[in-house]
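Below, each chain spelled out in residue letters.
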Amino acid sequence: MSFASPMIQEQANMPEPAAAAAKVAARNVNVYYGEKHALKDVSVDIPVRAVTSFIGPSGCGKSTFLRCINRMNDTIPICRVTGDITIDGKDIYDSRLDVVLLRARVGMVFQKPNPFPKSIYENVAYGPRLHGMARSKTELDEIVVNSLKRASLFEEVKDRLQESGTGLSGGQQQRLCIARAIAVSPEVILMDEPCSALDPIATAKIEELIDELRSNFTIVIVTHSMQQAARVSQRTAFFHLGSLVEEGSTEQIFTNPKDKRTQDYITGRFG
Amino acid sequence: MTDTSMTPPAPGIRTFDYGSDEAQARVKRRYQTEARFKLYGLLAVLFAGAFVFILLADIVRKGMPAFFEHRVVLTLDLDASLIDPTGRREIDALRNGDYNKIVMDAWRANFPEVTQRAERRRLEALVSSGAADDLRAAVIRDPALIGQKIRFPILLSDDADLHFKGLSSRISSAPGTGALDVKINGREVELSGSGQPFAAILADVKAGLMQDAERIGAELARLPASQQGGNNAALDARRIELAQRVAELRRRAGDVGSAETIDFSSMPSRIVRAEGASIRLQEIGASSAKGFLLVAPQREISRIDSWTVATFATPESNRKASDADIAWLETLNGRGAIEKAFSTRFFTSGDSREPELAGIRGALIGSALTLLVTLMVCLPLGVGAAVYLEEFAPKNRFTDILEVNINNLAAVPSIVFGLLGLAMFLNFFGLPRSAPLVGGLVLALLVLPTIIIASRAALKAVPPSIKEAALGVGASHQQAIFHHVLPLAMPGIMTGTIIGMAHALGETAPLLMIGMVAFIVDIPQAITDPGTVLPVQIYLWSDLPEVAFQAKTAGAILVLLGFLFVMNGAAILLRRRFERRW
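To keep things clear, this report deals only with the structure shown in the data block.

About the criteria used
Residues numbered from 1 in each chain as written. Chains lettered and ligands numbered in written order. Predicted model: local features only at pLDDT ≥ 70, side-chain atom pairs only at ≥ 80, totals over all residues. Heavy atoms only, no water. Helix = DSSP H or I, 4+ residues; strand = E, 2+ residues; numbered from the N terminus. Rg over C-alpha atoms; globule rule 2.2 N^0.38 Å. Buried < 20%, exposed > 50% of the residue type's maximum accessible area, 1.4 Å probe, protein only. Areas by Shrake-Rupley, 256 points an atom, 1.4 Å probe, with all protein chains shown as cover. Lys, Arg positive; Asp, Glu negative; His and termini not counted. Charge placed at Lys NZ, Arg CZ, Asp CG, Glu CD. Contact = heavy atoms within 4.5 Å. Polar contact = N/O pair within 3.5 Å; in protein donor to acceptor, adjacent residues only side chain to side chain. Pairing = 2+ DSSP bridges. Phe/Tyr/Trp six-rings, centres within 6.5 Å; stacked < 30°, edge-to-face > 60°. Lys NZ or Arg CZ within 6 Å of the ring centre and 35° of its normal. Buried area = accessible area lost by both parts, 1.4 Å probe. Salt bridge = Lys/Arg side-chain N within 4 Å of Asp/Glu carboxyl O.

Further remarks concern the overall build of chain B. When helices and strands are counted, chain B shows 20 helices and 12 strands. Computed over the C-alpha atoms, the radius of gyration of chain B is 37 Å, more than 25% above the 25 Å expected from 2.2 N^0.38 for a compact globule of 582 residues. Along the first, second and third principal axes, the C-alpha atoms of chain B reach 115 × 90 × 60 Å. For chain B, with 582 residues in total, the buried portion stands at 42%. For chain B, the exposed area adds up to about 31200 Å²; of that, 59% sits on carbon and sulfur atoms. If the 61 positive side-chain charges of chain B are averaged to one point and the 59 negative ones to another, these points end up 5 Å apart.

Written as structure tokens, this is what we have:
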């Protein structure tokens, strides 16, 4: 991927972490929903500029963990998180950290496409405008067009940017949501089962897109489809009953899992 | 998967025959129950629809006369010496002109034979006291009229208006037979003719007497039977009196051909009309009659060839318009001087003790000012409260209690809010009585729970995914609410607000408590002026004894219903227009 946009240059100028260094590091993370202990002692490193997938049966805590990374769980009043999560070595649960800026740096794509009921342009422009990323209308236009291009949506919608985002097909809507997420130049993009509401063709397009975005962003994806995890991710983490069972390179997890439960799950014996 | 129908049922699993007679009967019963339920629903809808239709039709029928008024068009001599003796055309001088004399002179000129004081007063009462005000307004608008003779419509009084609207007495008219000799002596008239011209009328009178006799006979029969040895002298006297009257009436009715004297308190009046004259018959024989000249003929007459006789079914003492009143009005109508016109006055003038002058302008403006205050207080407070409670407030025992209380407030009887307003706004804060400001505040208290509940429902209906999407791109909680959730909830909030306002528009009881029930002629100019509102105006008018106010009441109800329809229509339109499918 090589787009000559100011946004990307800006990112390229940022100090490059060591290639194998972890972008996101979690240590002994526990999550409680009231009395329920939803996530138990999870420790994992998420490498920079790679796709990490979280797999596991329903209710295993993988989405809960994903939502810890941008503190989306804060919006649930009864939720309590302990342990440390750091991004670039900085604790994101530090009380001095502004959670809103964190969420701008850690973008999120949801299970069900949720564009704002506004025009396609406004959907993408909302974030940059909110953070004052563009000084002029032309600059904003540029960000919108580039984001749509990088979400592989621009060619399909370039003639109807002012039409409602909710009028697009499901796959297009999800790509619009991805464009919206990348428009604010996040470092990490969290995807919570982004293809579960889509047909196979739209899914293939999104997977292709994820693969392209990998060169610029750190991506974490939660998925129920083991094939999808195998196709798009470099690293895979398997969750079961709120615990992280096994984490490793995708190839290793799918060909040579160390844990019996992982083996059972990927061969379809339960879950 | 194997084909289940091929495998025998496993032991322990019950089989059930859905084709058995019993099962079939159950299906049939189910169909019957469903059909019956559908029928009940249909009947209920038809029943309700019929009632709504009857109600509306009745109000429209009663209310339509309020939108029209009758006027007599007269040629007025705008004598400068009466209006503006100084000739300087100063507005104060023009205001003080004697317009009443101009109107009354022109009005009396129609009936020069009316000279007697009492009769003249009756004649003058047929013109509304507002007629001179109309003329004054016209002259002040255009002082160039002074000194001219102009054709000007003069408003009739409510009794005259009711006569033309057909609400006073049933009048039937029949052509008279044969020519009549007329002898006029002052206002006394003698009519005679060969061939018994009055025989038919006399027979009619006698038939009326017979009916009276039967009616009184029935009354006599209803009196309690006399008791043996009883000493109820009053009852006995009454019985004797009634029996005598019945006998007398029967004798008169049976005596065909004898002349009759009309008793105007109990018998229909009969008016002979010919050559522009109206003569009320007093003594009727078969071939001659004596009468009173109500309206003089336009020329000297001694013989009339064609004439009609009008019968006013209601006896004179039982109606507001006298025989003379009706004769005058009908004479003018015959001359083409009466016009029926749309009553803009109904919408442009305030309340009045004279029904023909009363309008709903004051109430409309009062309602508008009151609703304005209500809206200004309610919308920001209600929406703010709803947003806070729904999106920001911590969920704890206190907010739970608050929520229950808001829901309960919506069910508090409205008069209680009126008492609260009286105690708080009038007695404690000392705000002016009868003012739309206080009315609006009281109604705001009343509507606030409705708006809060509707707004919270609208906010809750916005899917959380929208808020999450906004949070996901780095919007703060408040930004997510104000940029996305609130705009999406706005149609729902507006719908709730309009319905709340419609509720406030129709509210009467709380406003009675804060004195908006006073009789106020002036149209309120500000929210602190005394005023009233449309439903209270309806309540006030419905209480008045004048028949003409009944039409005004129904007319005002029609206007109120019109506003309510428009407001509810707007709410439905908003809902349709902005309804979203997520």
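Next comes the rest of the write-up.
Once that is clear, we can look at the overall build of chain A. Across its full length, chain A holds 11 helices and 10 strands. Taking 271 residues into account, the globule formula puts the C-alpha radius of gyration at 18 Å, and chain A, at 18 Å, falls close to it. Seen through its principal axes, chain A has C-alpha atoms that stretch 55 × 45 × 35 Å. Buried residues in chain A amount to 53% of all 271 residues. Of all intrachain contacts in chain A linking residues separated by at least 6 positions in sequence, the fraction that spans at least 24 positions is 68%. Total accessible area computed for chain A in this model is approximately 11900 Å², and 50% of it derives from carbon and sulfur atoms.

All names here are of chain B. Relative to the assigned elements, S322 resides in the loop between β11 (308–312) and α10 (323–334). Polar side-chain contacts of S322 include one of 3.4 Å to the side chain of R122. Apart from residues no more than four positions distant in its own chain, S322 is found in contact with R122 and E316.

Another aspect to go through is the pairing of strand β10 (residues 243–249) of chain A. All names here are of chain A. Inspection of the sheet shows strand β9 (residues 235–240) paired to β10 by 6 bridges, in the antiparallel sense. Following the sheet pairing, A237 is matched in β10 by E247. Taking the residues that link successive antiparallel strands as the turn, the β9-β10 hairpin has 2 residues, and the phi of L241 there is positive, at about 50°.

Attention now moves to the environment of D141 of chain A. Residues and elements named next belong to chain A. Tracing the sequence through the fold places D141 in helix α5 (residues 137–150). Classification of D141 by relative accessible area gives partly exposed; the value is 26%. Along the sequence, D141 and V184 sit 43 residues apart, while their C-alpha atoms lie 13 Å from each other.

It is worth spelling out the packing of aromatic side chains at this point. Residues and elements named next belong to chain B. Under the definition given, this model contains 19 aromatic pairs over all chains. Measuring from centroid to centroid gives 6.5 Å for F425 and F429, while their planes differ by 25°, and the two rings are stacked. A residue is classified by how much of its surface remains accessible, and F425, at 12% relative accessible area, is buried. Where W541 meets F549, the ring centres are 6.0 Å apart and the plane angle is 35°; that geometry is what we call tilted. Taking relative accessible area as the criterion, F549 reaches 1% and is therefore assigned buried. The side chain of R353 reaches across the aromatic face of F519, ending 3.8 Å from its centre.

With that settled, consider the interface of chain B and chain A. Contact with chain B, which involves 17 residues of that partner, is made by 21 residues of chain A. Of the roughly 1600 Å² buried at the junction of chain B and chain A (both faces included), carbon and sulfur atoms supply 64%. Seen at the junction of chain B and chain A, the total is 1 salt bridge. In this structure, E468 of chain B and R67 of chain A form a salt bridge, with 3.3 Å as the shortest nitrogen-oxygen distance. If you look at where chain B meets chain A, you find 5 residue pairs in polar contact (both at pLDDT 80 or more).

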